[in-house]
Amino acid sequence: MGLKHKPNVKTGTTIAGLIYKDGVVIGADTRATGGSIVQVKDCDKVHYIADNIYACGAGTAADLHQVANMISAQIRLHSLNTGRKPKVATAATMARRHLFKYQGYISAYLIFGGCDDDGSHIVCVDANGFTRVEKFTSQGSGSLAALSVLSTRFKLNLEREEAMNIVTDSIAAGILNDMGSGGIVNLCVITRDKTQYLKHHRVVSSKGVMGDY
Amino acid sequence: MYKHDMPAMDIAPRSYNSNSYTMNPVFATNKHSTGPITTGGSVVAIRYEDGVVLGADKLISYGHLRRFRDQTRIFKINETTVLAANGEQADLRYLVDLLNAEQKQAELRGDGFEKGPRAIHSWLGRVLYHRRTKGEPLFNDIVVAGWDRKESRPYLGHVSMLGVAYEAPVVCSGIATYIGLPYLREAYQVMPTMNRDQAVDSIKNCLTQLCMRECRSSNLVQLAVVNNKTVDIKDNIVLELNWDLAKNKLIKN
């Protein structure tokens, strides 16, 4: 009788990222769901790993927070030990080794994006430990909707404005067409010299405002 | 409505002698429909200012096997209606046979009255819902496109395999619902009064992306363009696929 025990808070999600001329742009929506209920309307899915590396995460919210914090700490120590700027590949490898050990039971689907001494990288790590290096990618329940925008509009060596627009539009496609995604688009633009975290970059839809259909 | 007038209403009765216990469908325990076998891929359609454009590839799969690579999945019913569907192609062709039989009856009557897209859409919705209720559904998500002569406007509708029927400016069946629908909805939102060429380009772009992202698809496609005069099916269009981005090299800044 009554409300069943709340299922895990998941980030049913749309996250996306791409490489452009000067660096990477990664973006995420802000909805965290528990079953069919929106638990958090403004959840932060773009996690800080290092000054030059950020990771977007889809999956179980708790797992993502823990994994992101853990990788961030390990990367900090590693970078202090080596005396070098951290690399995206290192962060992704740490995540992969951890997640594979738990055979997918830690439900964390991450997109690592960053600029290091080897250039700009987007690395996708699945909960089972499958890792791929991509030029553009998306994850989460809204990933196919985001992919439809990314696939058709992505080109090599995009300019910054266009790259930001493409990522924002792809997250917007996820927000509008997927029920597990919603809220506002958060964007993070990382270049070799600077990282800019644009929280609440674009409000895609508001309650009470009617669309065309 | 007389039974003989509309042969399509006679939907596969299992027993003509309903006194027979074993032949009575109510007591039949054998399962009939288990799942689609000979399947077609996605269908995409968008409404533009003066008509509708509908696109589908020409591949019919048999599980993982690409069995029939040059088969039509888009069917013109009359001068105002065209339909296509994903899923079990045998079921789709059965429905098209029934619709063609009705079309023939209409021609023989010769009174100028023809079933428009709205009527056909409604009929399909009812038939599919009836089959779902009997527990032996037809495994198709059907896209019905046409020109509504009474209201002088383009008509685009969708019927799911469980009988959910609705009308919308952009409609997709199959995996295109996840990959194509967001793209086409955005295109429609930006320009609802697009012209024929823009609509055809959108559909072609959509089919190209689908071909690259969906496993059971091919780049040989058909397009149907409906306007207020006729239905025009463009056959054997070969899509150009660009695999350049699959060459994954490190990008150095």
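Residues numbered from 1 in each chain as written. Chains lettered and ligands numbered in written order. Predicted model: local features only at pLDDT ≥ 70, side-chain atom pairs only at ≥ 80, totals over all residues. Heavy atoms only, no water.

Peer 1: Provide a residue-level description of the overall build of chain A, including the pertinent values.
Peer 2: Broken down by element type, chain A carries 4 helices and 13 strands. Computed over the C-alpha atoms, the radius of gyration of chain A is 17 Å, within 12% of the 17 Å expected from 2.2 N^0.38 for a compact globule of 213 residues. The principal-axis extents of the C-alpha atoms in chain A amount to approximately 55 × 45 × 25 Å. Across the 213 residues in chain A, those meeting the buried criterion constitute 53%. Within chain A, residue pairs in contact and separated by at least 24 positions form 62% of the contacts whose partners lie at least 6 positions apart. (Helix = DSSP H or I, 4+ residues; strand = E, 2+ residues; numbered from the N terminus. Rg over C-alpha atoms; globule rule 2.2 N^0.38 Å. Buried < 20%, exposed > 50% of the residue type's maximum accessible area, 1.4 Å probe, protein only. Contact = heavy atoms within 4.5 Å.)

Peer 1: Which residues make up the interface of chain B and chain A, and what values go with them?
Peer 2: Contact residues are listed per partner, giving 19 residues for chain B and 25 residues for chain A. Between chain B and chain A the total buried area reaches about 2,100 Å² when both faces are included, carbon and sulfur atoms providing 56% of it. In this structure, the connection of chain B to chain A is made through 0 salt bridges. At the boundary of chain B and chain A, one finds 3 residue pairs in polar contact (both at pLDDT 80 or more). Looking at the side of chain B that touches chain A, the elements that each hand over two or more residues are helix 3 (176-190) and helix 4 (196-213) of chain B. At 7 residues, helix 3 of chain B tops the list of elements feeding residues into the side of chain B that touches chain A. Classifying every residue of the side of chain B that touches chain A by side-chain character gives 10 nonpolar, 4 polar and 5 charged. (Buried area = accessible area lost by both parts, 1.4 Å probe. Salt bridge = Lys/Arg side-chain N within 4 Å of Asp/Glu carboxyl O. Polar contact = N/O pair within 3.5 Å; in protein donor to acceptor, adjacent residues only side chain to side chain. Nonpolar A, V, L, I, M, F, W, Y, C, P; charged D, E, K, R; others polar.)

Peer 1: Can you tell me about the packing of aromatic side chains, naming the residues and giving the values?
Peer 2: Residues and elements named next belong to chain A. All told, the structure shown has 3 aromatic pairs over all chains when counted by the stated rule. Look at Tyr 48 and Tyr 54: their rings are 5.6 Å apart centre to centre, the planes differ by 85°, and that puts the pair in the edge-to-face class. Note on Tyr 48: relative accessible area 38%, which makes it partly exposed. Residue Tyr 54 is classed as buried on the basis of its relative accessible area, which comes to 11%. Clustering of aromatic rings is evident, with ring pairs tying together Tyr 48, Tyr 54 and Tyr 197. (Phe/Tyr/Trp six-rings, centres within 6.5 Å; stacked < 30°, edge-to-face > 60°.)

Peer 1: Go over the packing of helix 3 of chain B against helix 4 of chain B, please, and point to the residues and values.
Peer 2: Residue and element names in this part refer to chain B. The N-to-C vectors of helix 3 and helix 4 enclose an angle of 155°; their axes lie 10 Å apart at closest approach. With respect to helix 4, the axis of helix 3 lies roughly antiparallel. For the pair helix 3 and helix 4, the crossing hand works out as right-handed. Residue-level inspection shows Ala 176, Ile 179, Gly 180, Tyr 183, Leu 184 and Ala 187 of helix 3 in contact with helix 4, the latter providing Ser 202, Ile 203, Asn 205, Cys 206, Leu 210 and Arg 213. Taken together, the residues of the contact of helix 3 with helix 4 sort by class into 8 nonpolar, 3 polar and 1 charged. (Axes fitted to C-alpha atoms, helices over the stretch in contact; angles between N-to-C directions. Parallel < 35°, antiparallel > 145°, perpendicular 65-115°, else oblique. Left-handed = near helix turned anticlockwise from the far one by under 90°.)

Peer 1: Before we move on, can you summarise the sheet that holds strand 3 (residues 23-28) of chain A with the specific residues and values?
Peer 2: Residue and element names in this part refer to chain A. Pairing is antiparallel across the open sheet formed by 5 strands, whose spatial order is 11-2-3-12-13. Looking at the sheet topology across the chains shown, the edges are occupied by strand 11 (136-139) and strand 13 (195-203). Between one strand and the next, the sheet's axes are offset by a mean angle of 15°, whatever the strand orientation. Pairing of strand 2 (residues 15-19) with strand 11, which is carried by 4 bridges, proceeds in the antiparallel orientation. The residue bridging Ile 15 from the neighbouring strand is Gln 139, located in strand 11. Along the sheet, helix 3 (residues 143-153) contacts strand 2 and strand 11; its crossing angle with strand 11, the most-contacted strand, is approximately 165°. Contacts from helix 4 (residues 160-177) reach strand 2, strand 3, strand 12 (184-191) and strand 13, with the element oriented near 150° to strand 12. (Pairing = 2+ DSSP bridges.)

Peer 1: Explain the side chain of Ser 170 of chain A residue by residue, including any values.
Peer 2: Considering the arrangement of structural elements, one finds Ser 170 of chain A in helix 4. Dropping the residues within four chain positions of it, Ser 170 of chain A is found in contact with Thr 14, Ala 16, Ala 146, Val 149 and Leu 150 of chain A.

Peer 1: Account for the packing of helix 3 of chain A against helix 3 of chain B, with residues named and values stated.
Peer 2: Here helix 3 of chain A crosses helix 3 of chain B at 60°, and the two axes come no closer than 7 Å. The angle between the axes of helix 3 of chain A and helix 3 of chain B places the two elements in the oblique class. Crossing handedness for the pair helix 3 of chain A and helix 3 of chain B: right-handed. In contact with Leu 144, Ala 145, Ser 148 and Thr 152 of chain A of helix 3 of chain A, helix 3 of chain B contributes Tyr 178, Ile 179, Pro 182 and Tyr 183 of chain B. Its residues assigned to classes, the contact of helix 3 of chain A with helix 3 of chain B comprises 6 nonpolar, 2 polar and no charged.

Peer 1: Lay out helix 2 (residues 88-101) of chain A with the relevant residues and their values.
Peer 2: All names here are of chain A. In this model, helix 2 (14 residues) spans 20 Å end to end at C-alpha, consistent with the 20 Å of a helix rising 1.5 Å per residue. Regarding helix 2, the residues found buried are Val 88, Ala 91, Ala 92, Met 94, Ala 95, His 98 and Leu 99. Along the long axis of helix 2, the arc covered by the buried residues comes to 160°, so they all point the same way. Seen from the open side of helix 2, the exposed residues pointing more than 90 degrees away from its buried face are Arg 97, Phe 100 and Lys 101. Next to the buried residues of helix 2 lie strand 6 (46-50), strand 7 (53-60), helix 1 (61-82), strand 8 (108-116) and strand 9 (119-125). Note on helix 2: the residue one or two positions beyond its end, Gln 103, has a positive phi of about 50°. (Expected span 1.5 Å × (residues − 1). Arc of directions from axis to C-beta.)

Peer 1: Tell me about the nonpolar core, and name the residues and values.
Peer 2: Within the largest apolar cluster, 24 residues are counted, with the highest numbers of intra-cluster contacts made by Val 44, Ile 46, Val 53, Leu 184, Ile 203, Leu 207 and Leu 223 of chain B. Secondary-structure elements contributing two or more residues to this core are strand 2 (43-48), strand 12 (170-173), helix 3, helix 4 and strand 13 (220-227) of chain B. Apart from the residues lying within four places of it in its own chain, the contact partners of Ile 46 of chain B are Val 52, Val 53, Leu 156, Pro 169, Val 170, Leu 184, Tyr 188, Met 194, Ala 199 and Ile 203 of chain B. Ala 55, Ile 71, Ile 75 and Met 94 of chain A belong to the second largest nonpolar core, which has 21 residues in total. (Core = buried A, V, L, I, M, F, W, Y, C linked by side-chain atoms within 4.5 Å.)

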